Amino acid sequence: MNIKIVKDYQEMSRKAAEYIAEKVQRFPFIKLGLATGGTPEGTYKKLIENHRNSRTSYRDVTTFNLDEYIGLSGNHPNSYRFYMKDHLFDHINIVPANTHIPKGDAGDSEEECERYEKLLAENGGIDLQILGIGKNGHIGFNEPGTSFQSKTHVVPLTSSTREANARYFNSMEEVPSHAITMGIGTIMKSREILLLVSGEAKKDAFTKLMNSEPDESFPASVLLRHPNVTIIADEAAASGLK
Ligand code: F6R
């Protein structure tokens, strides 16, 4: 594991964007795995700046997002498709058809999971997967107890995850109860992983990750088994490390 501790959220976002943009420049056909949530927002902002200032091209890039809420169409302002368009896709020269996110309104969600997993395999898998981490160690929507072998699947959301995400909705009732997520096994097939960790709220999760053995009760701990992980964490998140 390659661990970089940086000053704050801004610095994390800048470093992460530099890292990603450099890969995109070197490998124009790169397959990127993307996350949503608060953590990568700053990184996407910096990637947009970099696209404008340094003309990094996304014309041949393909992206796969980790997850999507079930029941929300891609036009719903709280869907992860909408988030991605708003925070990144609409501001760079990526081809919309090359941006893949599980369909939350697919009707048959189980079938959608199979389609997504197959699509990933047909595309040769992910070269660089960007991840955030939940307070309970979740990655994607893989909550504690999820099998390390899991593929793309339907998950009921835990109350802690629904509460954490309620900030984006008008009320708790509106937060969907289920989601589709890449599995932990799916994530682990990525050739490289970039984990971003920021803020005091992630201190306990990050401390636990750095002091644990791989264990399904703490999903992010699977990353300790991955041969190519880079972590960019800010000082607040890293403040529990000795
Ligand atoms: C989002 C995702 C989640 C988040 C995690 C942290 O696509 O996969 O696992 O990375 O919930 O969320 P934030 O960044 O909002 O703290």
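Note that the structure is a prediction, hence the values are computed from the model and not measured.

Undergrad: Which parts of the structure should I look at to understand the confidence of the model for the protein chain?
TA: Caution applies to low-pLDDT regions: their predicted coordinates should not be interpreted in detail. Overall, the prediction assigns the protein chain a mean pLDDT of 96, with 100% of residues at 70 or greater. With a pTM of 0.97, the predicted complex shows an ipTM of 0.99.

Undergrad: Honestly, the packing of helix H1 (residues 9–26) against helix H2 (residues 41–54) in this entry has me stumped. Any pointers?
TA: Relative placement of two packed helices is described by the angle separating their axes and the distance separating the axes. One way to put it is that H1 packs onto H2 with a least axis distance of 8 Å and a crossing angle of 50 degrees. Taken together, H1 and H2 sit at an angle that is classed as oblique. In the crossing of H1 with H2, the sense of the turn from one axis to the other is right-handed. Each of Tyr-9, Gln-10, Ser-13, Arg-14, Ala-16, Ala-17, Ile-20 and Ala-21 in H1 lies in contact with H2, whose residues at this interface are Gly-42, Thr-43, Lys-45, Lys-46, Leu-47 and Asn-50. By residue class, the composition of the contact of H1 with H2 is 6 nonpolar, 5 polar and 3 charged.

Undergrad: Would you mind showing me how to read the sheet that holds strand E2 (residues 31–34) here?
TA: Two modes of strand pairing occur in sheets, parallel and antiparallel, and in both the strands are linked by backbone hydrogen bonds. If you walk across this open sheet you meet the 7 strands as E1-E10-E9-E6-E2-E3-E5, and the pairing is parallel. Looking at which strands have only one partner, the edges of the open sheet turn out to be strand E1 (2–6) and strand E5 (99–100). In terms of strand pairing, E2 meets strand E6 (residues 128–131) through 2 bridges, oriented parallel. Bridged to Gly-33 within E6 is Gln-129.

Undergrad: In this structure, what is going on with the site of the ligand? I would like to understand it.
TA: Surveying the vicinity of the ligand reveals 13 residues, the closest of which are Thr-36, Gly-37, Gly-38, Thr-39 and Gly-132. Of the residues in the shell around the ligand, the class split is 4 nonpolar, 8 polar and 1 charged.

Undergrad: What should I look at first to understand the UniProt feature "active site" (unreviewed entry) in the protein chain in this one?
TA: The UniProt record annotates "active site" (unreviewed entry) at Asp-67, Asn-136, His-138 and Glu-143. Mapping Asn-136 onto the fold places it in the loop between E6 and strand E7 (153–156). For Asn-136, a count of 18 C-beta atoms within 10 Å translates into the label partly exposed. Sequence-distant contacts of Asn-136, defined by excluding residues within four places in its chain, comprise Glu-143, Pro-144 and Ser-160. Tracing the backbone through its elements, the reader meets His-138 in the loop between E6 and E7. In this structure His-138 comes out as buried when scored by C-beta crowding, with 25 C-beta atoms within 10 Å.

The rules behind the values
- Residues numbered from 1 in each chain as written.
- Predicted model: local features only at pLDDT ≥ 70, side-chain atom pairs only at ≥ 80, totals over all residues.
- pLDDT = per-residue confidence, 0-100.
- Axes fitted to C-alpha atoms, helices over the stretch in contact; angles between N-to-C directions.
- Helix = DSSP H or I, 4+ residues; strand = E, 2+ residues; numbered from the N terminus.
- Parallel < 35°, antiparallel > 145°, perpendicular 65-115°, else oblique.
- Left-handed = near helix turned anticlockwise from the far one by under 90°.
- Contact = placed C-beta atoms within 7 Å.
- Nonpolar A, V, L, I, M, F, W, Y, C, P; charged D, E, K, R; others polar.
- Pairing = 2+ DSSP bridges.
- Near = placed C-beta within 6 Å.
- UniProt positions renumbered as here; feature names shortened; annotations may be inferred.
- Buried ≥ 20, exposed ≤ 12 C-beta atoms within 10 Å, placed from the backbone.

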